Amino acid sequence: MAISRLNGNHPGIITGFLAFVVLYFTYLNIQKLADPNIVHLLNVQHNESEFSSGKNIFFILSTLSPRREIKLTARQACSIESAARTNPDWKIFPLFVTATWFNALNNEFISPLLRYGNIHLRTVDLETFALGTPLENLFARHALQKSSYPVEHTSDVLRLLVLYKYGGTYLDTDVVVRKSFDLLQPNFLGSEGHGYVANGVINLQATGDGHRFAEACINDLAQNFNGTVWAANGPFLVTRNLRRFCNVSEVASMSRERCGGQLTVHPPDVFYRIRYPRHEWFFESERTDAVMTAVRDDILVHVWNKATGGIPLKVDGTTAYVKLAHEFCPNVIQVCDEFF
């Protein structure tokens, strides 16, 4: 009532105030464009020919930012640096969902990554990325934003859509990459035990059986996306489609031969050697020697951020995770203050 009375008595005040708000936010945007420390990301769709080699490694950063500003944690940045460091002839694409810019002066974990010429930060526009794909309607009705787990389900869906469109390797941001993916045959996933195939490490080529499997998953998502169950669009969906693709019911039977000769489901020890309930071993100094010995020949290690993300680590500590960070993401851990 007070507002309507004010509007009726002083319409000029309301109009002036709204004009001020518009001008203020326009000014902020102009300042952002003019500030040399503000870096704007290219849209991942800007030049899709850059993915043509297939030697692409994708990370999905799906935590939404109200200011559309990019933020990275030290551990996320470590995953990205380790991939770039051990795969110098691969292109590394951290894909930020809706976030489009960063300030080079106040995001300490981005600058270390930009020392690598093969790291290319990109943004993903949810309004346009699925156009022309089987998931166009899913995105158009904003099913990801309405999900009970919007961050996780956005990442689950985008990793499959990115591989369907471009081909390459998807990695979770809680891994440390130790060796080149050239050591593995193309088209692979990894079992995490418990009867499911994980979706934290996926390589699918843009042609052949790799693309055929990605297409099967995308079509399944278009029909059966579930916004209420945490793992429904991740391990559950991937495992369901592998059972059909390989014509077997047991994950342990998903050999490359049974899966058409062009797709491998690696056993748990390949990507998830230290797993629940031993996931905290990466954070316990007394377990360091055992962990480092166990993973010494592994392509990568997975540190189970969902279960371990709140465990603090000192950068001068002796835990296995810190040791791995010093070796495989030295630029990132060098800019950490006390904790990693």
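The rules we used
- Residues numbered from 1 in each chain as written.
- Predicted model: local features only at pLDDT ≥ 70, side-chain atom pairs only at ≥ 80, totals over all residues.
- Heavy atoms only, no water.
- Helix = DSSP H or I, 4+ residues; strand = E, 2+ residues; numbered from the N terminus.
- Rg over C-alpha atoms; globule rule 2.2 N^0.38 Å.
- Contact = heavy atoms within 4.5 Å.
- Areas by Shrake-Rupley, 256 points an atom, 1.4 Å probe, with all protein chains shown as cover.
- Lys, Arg positive; Asp, Glu negative; His and termini not counted.
- Charge placed at Lys NZ, Arg CZ, Asp CG, Glu CD.
- Disulfide = S-S within 2.5 Å.
- Buried < 20%, exposed > 50% of the residue type's maximum accessible area, 1.4 Å probe, protein only.
- Pairing = 2+ DSSP bridges.
- Right-handed = clockwise from strand over helix to strand, strands pointing away.
- Axes fitted to C-alpha atoms, helices over the stretch in contact; angles between N-to-C directions.
- Parallel < 35°, antiparallel > 145°, perpendicular 65-115°, else oblique.
- Left-handed = near helix turned anticlockwise from the far one by under 90°.
- Phe/Tyr/Trp six-rings, centres within 6.5 Å; stacked < 30°, edge-to-face > 60°.
- Lys NZ or Arg CZ within 6 Å of the ring centre and 35° of its normal.
- Patch = residues over 30% accessible without salt bridge, like charges linked within 9 Å, V, L, I, M, F, W, Y side chains within 5 Å.
- Salt bridge = Lys/Arg side-chain N within 4 Å of Asp/Glu carboxyl O.
- Core = buried A, V, L, I, M, F, W, Y, C linked by side-chain atoms within 4.5 Å.

Peer 1: I keep staring at the overall build of the protein chain and nothing clicks. Help me out?
Peer 2: On a plain count of helices and strands, the protein chain comes out with 13 helices and 12 strands. Here the protein chain has a C-alpha radius of gyration of 22 Å; the compact-globule value for 340 residues is 20 Å, and the two agree. In terms of overall dimensions, the protein chain has C-alpha extents of about 80 × 50 × 40 Å along its principal axes. For the protein chain, restricting intrachain contacts to residue pairs at least 6 apart in sequence, the fraction spanning at least 24 positions comes to 77%. Summed over all atoms, the accessible surface of the protein chain reaches about 16,100 Å², with 54% contributed by carbon and sulfur. Within the protein chain, one finds 31 positive and 32 negative side-chain charges whose respective centroids are separated by 3 Å.

Peer 1: Explain the state of the cysteines to me, please; I cannot follow it from the model alone.
Peer 2: A covalent bond between the sulfur atoms of two cysteines is referred to as a disulfide. A full pass over the atoms with the stated rule returns 2 disulfides. Two residues share a disulfide in this structure: Cys 78 and Cys 329, whose sulfurs sit 2.1 Å from each other. Taking the sign of the S-S torsion, about -80° here, the bridge from Cys 78 to Cys 329 comes out left-handed. Taken as a pair, Cys 78 in helix α3 (residues 74-86) and Cys 329 in the loop between α12 (320-328) and α13 (330-334) lie far apart in primary sequence, 251 residues in all.

Peer 1: In this structure, what is going on with the pairing of strand β3 (residues 56-61)? I would like to understand it.
Peer 2: As a general feature of sheets, a regular strand has side chains that alternate between the two faces. Counting buried residues along β3, 6 of its 6 residues qualify, which places the element largely inside the surrounding structure. Burial along β3 is two-sided: the residues Asn 56, Phe 58 and Ile 60 and Ile 57, Phe 59 and Leu 61 are all buried. Across 6 bridges, the pairing between β3 and strand β4 (residues 91-97) is parallel. Counterpart to Phe 58 in the pairing with β4 is Phe 93. Between β3 and its parallel partner β4, the chain crosses via α3, and the hand of that crossover is right-handed.

Peer 1: Mind showing me how you'd approach unusual backbone geometry here?
Peer 2: A negative phi angle is the norm for most residues apart from glycine, just as the trans form is the norm for most peptide bonds. Following Tyr 276, the chain continues to Pro 277 via a peptide bond in cis, the omega torsion being 10°. Tracing the chain through its elements places Pro 277 in the loop between α9 (268-271) and α10 (288-294). In this structure, Asn 187 is a non-glycine residue whose phi angle is positive, near 70°. Positionally, Asn 187 belongs in the loop between β8 (175-177) and β9 (188-193). Given the relative accessible area of 1%, Asn 187 is considered buried. The residue His 194 is not glycine, and still its phi comes out positive at about 60°. Examined against the element boundaries, His 194 turns out to sit in the loop between β9 and β10 (196-204).

Peer 1: It is not clear to me how the packing of helix α6 (residues 150-166) against helix α7 (residues 208-224) should be interpreted in this structure. Could you clarify?
Peer 2: The relative placement of two packed helices is expressed as an angle between their axes plus a distance between the axes. It is at 9 Å that the axes of α6 and α7 come closest, and there the two elements cross at 140°. In terms of orientation, α6 and α7 fall into the oblique class. The crossing of α6 and α7 is left-handed. Listed contacts from α7 to Val 157, Leu 160, Leu 161 and Tyr 164 of α6 are His 211, Ala 214, Glu 215, Cys 217, Ile 218 and Leu 221.

Peer 1: Even after reading the chapter, I still don't get the sheet that holds β4, so can you show me in this structure?
Peer 2: To summarise the sheet geometry, strands pair through backbone hydrogen bonds and adopt either a parallel or an antiparallel arrangement. If you trace the 8 strands from one edge of the open sheet to the other, you get β2-β6-β4-β3-β7-β10-β9-β11, paired in mixed fashion. Two strands bound the open sheet, and with one partner strand each, they are β2 (42-43) and β11 (264-266). Contacting β3, β4 and β7 (168-171), α3 crosses the sheet at an angle of about 175° to β3. Packed on one face of the sheet, α6 meets β3, β4, β6 (122-124), β7 and β10 and runs near 155° to β3.

Peer 1: Just to check I follow, could you spell out the packing of aromatic side chains for this structure?
Peer 2: The description of an aromatic ring pair rests on the distance of the ring centres and on the angle between the ring planes. Under the defined criterion, the tally for this structure stands at 15 aromatic pairs. Each ring, one from Phe 271 and one from Tyr 272, has its centre 6.4 Å from the other, and the planes form 85°; the classification is edge-to-face. For the pair formed by Phe 271 and Tyr 272, the shared burial category is buried. Of note, Lys 165 hangs over the ring of Phe 129, and the distance from its end group to the ring centre comes to 3.9 Å.

Peer 1: When you look at the environment of Thr 128 in this model, what are you seeing that I'm missing?
Peer 2: One can find Thr 128 in the loop between β6 and α4 (136-140). The sequence separation of Thr 128 and Phe 139 amounts to 11 residues, and the corresponding C-alpha distance is 8.6 Å.

Peer 1: Could you clarify how one ought to interpret a nonpolar patch on the surface in this entry?
Peer 2: A contiguous nonpolar patch, built from Tyr 196, Val 229 and Phe 236 and spanning about 220 Å² of accessible area, is present on the exposed surface. If you trace the backbone, Val 229 turns up in the loop between α7 and α8 (235-246).

Peer 1: What exactly am I supposed to notice about the environment of Leu 263 here?
Peer 2: Of note, Leu 263 is situated in the loop between α8 and β11. What makes Leu 263 buried here is its relative accessible area of 0%. Residues Leu 263 and Phe 188, spaced 75 residues apart in sequence, show a C-alpha to C-alpha distance of 5.6 Å.

Peer 1: Just checking my understanding: could you explain the nonpolar core for this structure?
Peer 2: Most often, soluble globular proteins have nonpolar side chains that are buried together. Leu 72, Ile 92, Leu 171, Phe 181, Phe 282 and Phe 340 are the most contacted members of the largest nonpolar core, which has 58 residues in total. Looking at this core, the elements with two or more residues in it are β3, α3, β4, β8, β10, β12 (300-302), α12 and α13. Setting aside its immediate chain neighbours within four residues, Ile 92 contacts Ile 57, Phe 59, Ile 80, Ala 83, Ala 84, Asn 118, Ile 119 and His 120. With 46 residues, the next largest nonpolar core counts Phe 129, Ala 143, Val 157 and Val 238 among its residues.

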